[in-house]
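# Residue-level structural notes
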Amino acid sequence: MGERVADFLLRRLREWDVEHVFGYPGDGINGLLAAWGRAADNPEFIQARHEEMAAFEAVGYAKYSGRLGVCVATSGPGAIHLLNGLYDAKLDHVPVVAVIGQTNRSAMGGSYQQEVDLANLFKDVASDFLETVTVPEQLPNVLDRAIRTAYGRRTVTAVIVPADVQELEYEAPSHAFKMVPSSLGLGRSAPVPARADLERAAETLNSGERVAVLVGQGAAGARAEVEQIAEVLSAGVAKALLGKDVLSDDLPYVTGAIGLLGTRPSYELMQGCDTLLTIGSSFPYSQFLPEFGQARAVQIEIDPHMAGMRYPYEVNLIGDAATALRELLPMLERKKHGKWRKGVEANVARWWEVMDRRAATQADPVNPEYVAGALSPLLPDDAMIAADSGSAANWYARHLRMRPGMRGSLSGTLATMGPGVPYVIGAKFAHPDRPAIALVGDGAMQMNGLAEMITAARYWRGWSDPRLIVAVFNNQDLNQVTWEMRSMSGAPQFEPSQHLPDVPYAEFARSIGLLGIRIDEPGGVQPAWQRALAADRPCVLEFVTDPAVPPIPPHATWEQAESTAKALLRGDSDRKNVVKKGIKQKVQEFIPDLKGLNRG
C-alpha cells in the first residue's frame, strides 16, 4: 500500500509548519501512531500524562508562540478528556486544532465500545469548524480549513478521523464534480478601521480631560503604539490579566491589573476618568469600568463578534490594534501631563509601596506575597510565566512586575484549575531556549501538576535552556474559594471541602530526577529562587505558605476591610484557632495601607 490517510495527515501538518503535537495514545488513533513511526516522529509527538494536559500544553504552546497548537486523542474517553483544555483555548481566543479518533465507520451507531457522538460532544467547543473525514479525498480540505479557521478566528477547531479511515490508501481530490480541492497557506492581513470611524474616535478621545486606557491580549503586538497613545493622551493604562505582558510595569502610568485580582490604582483610574479607550480586551467585569454615563468610550477590537460589549462604547473600531493606533495617532491632540496624569503616577507609586509592605508582613510560616515579591526582581528578561487559577493568580497579578520581553498568561475567561504546569511545558516546546516559571497552588498541583512533572522529566534534556520552575504555594487549603466563602458569604472555612492533604512536592520532584527544594521559613525564599534560576534541570519549589494571608480586594475601602475582618471571625471558622487569629491580624495589618491609598 502507498501513502495512507494517516501518513498524509502528518505530512499536511508538516507542510503547515506544525512541529509538535501534544497527545496520548489509544486504539482510536492507532493508524496515526503507526504513521508517526513511519514519519520518524515528525511532527514530534509529545506524550502528556492525560489528554486534558495535552490540550493545555497545546494552549500554552499557542499562547507563548503565537503559532497553532495541535493536540490529538483517541475516541471516547480520550476525546472527552480534551474538552476542558479546548474550552480554555476557545474562551481565551487561542488557535488550537484537535485531531480525534473515532471507532470504525462500520461500527458507528451500534453502541460500540468507546463510541461517543463526537459531533454533538464537540459542536460547541469547536463551533467554528468541526468535521468528520469519511473518505480520503475529503481530508486535505477538512484539515486545511480547520487550520485556517483556527488561525483566522483565533479559536478551536476539530477534525474527527475514524480508525478505519486512517488506514485507507490516500487519494487526492480529483478535478471532478463534488470534489473539493484545497491548498496550503494563510495570508496575513492587518484590518484597518474606516476613516470616518477613526475621525469619530479621535473626536471622542480629544474631548476628554481624564483619559483611561485598558489593554488586553489583543494589544500584544502594539506595545510601541500603546505607549505613544498613552503619552499623547496623558492617560493611565490598566491591563486585563491576559494583557499583563503588553506593557512594562516599570512605566509610571501603568496601573497594573484590573478586576477582582487587580490593583487599587486601576480601580481609581476607572472611577475617575471621563474618557475610556479599550484596546484588544473583552474584560468581562463591567463593574470595574467607569459608571455608565461617566465616560465617553472608544474600543479597538479585531473581531466584530466581540465588539461593543462590556461598556456602551460610542465608537467601535474594527481592526488590528497596532494598525488602528497608527492611523489614529495623527488625529489626536496632545494633552499636557497635568493633575490627572500626575495623580495616576502617584497612585501607582504608592501601590507598589503597599505591595512591598504587604510582602514584608510576617506570616506563619511564609507569606505567599513575599514569595511572588521576591521573584519579581530576579525574573530573567526573557522569562515565560504562567499562573494557575486560585490565590496564586492574585500574587501573580499584583506582585510580579513585567518588563519588555517577558511573557505571561493564565486561564483568563474559563479560569480553570490546572493549566499552570502544562502551560509552561507547552511554552518550553515553543521556546526551548527561554526559562519558564509556573506559580501554582497546592490544589492545582495535586489535581494534575504532579503527574505532569513526569512529562517535564521526560523531555527537559532536549531543551537548550533546561530551566522550568514550578513554585507550589503549599498551604493545605483551597485558598481562593475559602476566602471567597468568607468575604462573599460571611461563612467560615468548610473543612471537608477546603482542607488539602500535605504532599511532599519537592521530594516527589527529586524522586523523578528533578531538583526539589522545600522552603518553610522566609530566609529561604530568595536563595531558593536564585538556586532554581541557576539550575541545570527543572525544579519544584515547595513554599509552605500561610493560608491566613488574605487576598483583600484592592478596591475595598478601609471600612469594607474592617467589616470583612469581623465577618471572617464569626463562628468557628477554622480547623486551628491560631489560623483564625492569624486572619484577623493580617486583615488589620492591611487596613492602614488601604487608609493611605484612600487619602490619596
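Here the structure is shown first, and the text comes after it.
Our subject in this report is the structure included herewith. Computed from a predicted structure; not experimentally measured.

Cut-off values and rules
Residues numbered from 1 in each chain as written. Predicted model: local features only at pLDDT ≥ 70, side-chain atom pairs only at ≥ 80, totals over all residues. Heavy atoms only, no water. Helix = DSSP H or I, 4+ residues; strand = E, 2+ residues; numbered from the N terminus. Rg over C-alpha atoms; globule rule 2.2 N^0.38 Å. Areas by Shrake-Rupley, 256 points an atom, 1.4 Å probe, with all protein chains shown as cover. Lys, Arg positive; Asp, Glu negative; His and termini not counted. Charge placed at Lys NZ, Arg CZ, Asp CG, Glu CD. Expected span 1.5 Å × (residues − 1). Buried < 20%, exposed > 50% of the residue type's maximum accessible area, 1.4 Å probe, protein only. Contact = heavy atoms within 4.5 Å. Axes fitted to C-alpha atoms, helices over the stretch in contact; angles between N-to-C directions. Left-handed = near helix turned anticlockwise from the far one by under 90°. Nonpolar A, V, L, I, M, F, W, Y, C, P; charged D, E, K, R; others polar. Core = buried A, V, L, I, M, F, W, Y, C linked by side-chain atoms within 4.5 Å. Pairing = 2+ DSSP bridges. Polar contact = N/O pair within 3.5 Å; in protein donor to acceptor, adjacent residues only side chain to side chain. Phe/Tyr/Trp six-rings, centres within 6.5 Å; stacked < 30°, edge-to-face > 60°. Lys NZ or Arg CZ within 6 Å of the ring centre and 35° of its normal.

## Structural notes on the overall build of the protein
Counting its secondary structure elements, the protein contains 22 helices and 18 strands. For a compact globule of 600 residues, the expected C-alpha radius of gyration is about 25 Å, and the protein comes in at 25 Å, within 12% of that figure. C-alpha extents for the protein along the principal axes are approximately 80 × 60 × 45 Å. Accessible surface for the protein amounts to roughly 22,900 Å². Of this, 51% is attributable to carbon and sulfur atoms. For the protein, the distance from the average site of its 60 positive side-chain charges to the average site of its 71 negative ones is 5 Å.

## Things to note about helix α6 (residues 139–153)
Along its 15 residues, α6 runs 21 Å from first to last C-alpha, staying within 8% of the 21 Å computed at 1.5 Å per residue. The element α6 is largely enclosed, with a buried count of 11 among its 15 residues. Those residues of α6 that fall on the buried side of the exposure criterion are Leu139, Pro140, Asn141, Val142, Leu143, Asp144, Ala146, Ile147, Thr149, Ala150 and Tyr151. Buried residues along α6 sit in contact with α1 (5–15), β4 (96–102), β5 (130–132) and β6 (156–162). Downstream of α6 by one or two residues, Arg154 has phi in the positive range, about 50 degrees.

## Considerations on the packing of α1 against helix α2 (residues 30–38)
Orientation of α1 relative to α2, taken along the N-to-C sense of each, is 60 degrees, at an axis distance of 8 Å. Crossing handedness for the pair α1 and α2: right-handed. Where α1 abuts α2, its residues Ala6, Asp7, Leu9 and Leu10 lie against Gly31, Leu32, Ala35, Trp36 and Arg38. Among the residues making up the contact of α1 with α2, the classes are represented as six nonpolar, one polar and two charged.

## Some thoughts on the nonpolar core
One finds Leu86, Val96, Phe122, Met445, Met453 and Val470 to be the most contacted residues of the largest nonpolar core, which totals 58 residues. Tallying contributions element by element places helix α3 (residues 51–65) first for this core, with nine residues. Residue contacts for Phe122: discarding those within four places in its chain leaves Ala79, Leu83, Leu86, Ile100, Ser127, Leu130 and Ala158. Among the nonpolar cores identified, the runner-up in size contains 41 residues, and Leu261, Ala374, Ala387 and Leu533 belong to it.

## Details of the sheet that holds strand β13 (residues 384–387)
The strands making up a sheet associate through hydrogen bonds between their backbones, and the pairing can be parallel or antiparallel. Strands sit in the order β14-β13-β15-β16-β18-β17 across an open sheet of six strands; the sheet is parallel. At either end of the open sheet lies a strand with only one pairing partner, and these are β14 (407–410) and β17 (515–519). Pairs of neighbouring strands in the sheet enclose a mean axial angle of 15 degrees, with direction left out of account. Both β13 and β14 contribute to a ladder of four bridges, which runs parallel. Note that in β14 the partner of Ala386 across the bridge is Ser409. In the packing of α3 onto the sheet, the strands contacted are β13 and β14, and the crossing angle to β14 comes to about 145 degrees.

## Remarks on the side chain of Thr157
Mapped onto the secondary structure, Thr157 falls in strand β6. The exposure class of Thr157 is buried, given its relative accessible area of 0%. A distance of 2.9 Å separates a polar side-chain atom of Thr157 from the backbone oxygen of Ala146. Once residues within four sequence positions are removed from consideration, Thr157 is found in contact with Val96, Val97, Ala98, Ala126, Phe129, Ala146, Thr149 and Ala150.

## Quick word on the packing of helix α9 (residues 223–233) against helix α11 (residues 321–328)
Direction vectors running N to C along α9 and α11 enclose 35 degrees, while the axes themselves pass 9 Å from each other. In terms of crossing hand, the pair formed by α9 and α11 is left-handed. Residue-level contacts link Glu225, Val226 and Ile229 of α9 to Ala322, Leu325, Arg326 and Leu328 of α11. Of the residues belonging to the contact of α9 with α11, the class tally is five nonpolar, no polar and two charged.

## Here we look at the packing of aromatic side chains
Tallied over the entire structure, the rule returns 12 aromatic pairs. Ring geometry for Trp36 against Phe45: centres 5.0 Å apart, planes inclined by 80 degrees, an arrangement best described as edge-to-face. You'll find Trp36 and Phe45 in the same group, each marked buried. Taken together, a centroid distance of 5.4 Å and an interplanar angle of 35 degrees make the contact between Trp529 and Phe543 tilted. Of this pair, Trp529 sits in helix α20 (residues 525–533) while Phe543 sits in strand β18 (residues 539–544), and the two are 14 residues apart along the sequence. Three or more aromatic residues link up through ring pairs in this structure, and these residues are Phe22, Tyr61, Phe429, Tyr459 and Trp463. Here the guanidinium or amino end of Lys244 rests over the ring plane of Tyr396, the centre of that ring lying 5.4 Å away.

These figures capture arrangement, not role.
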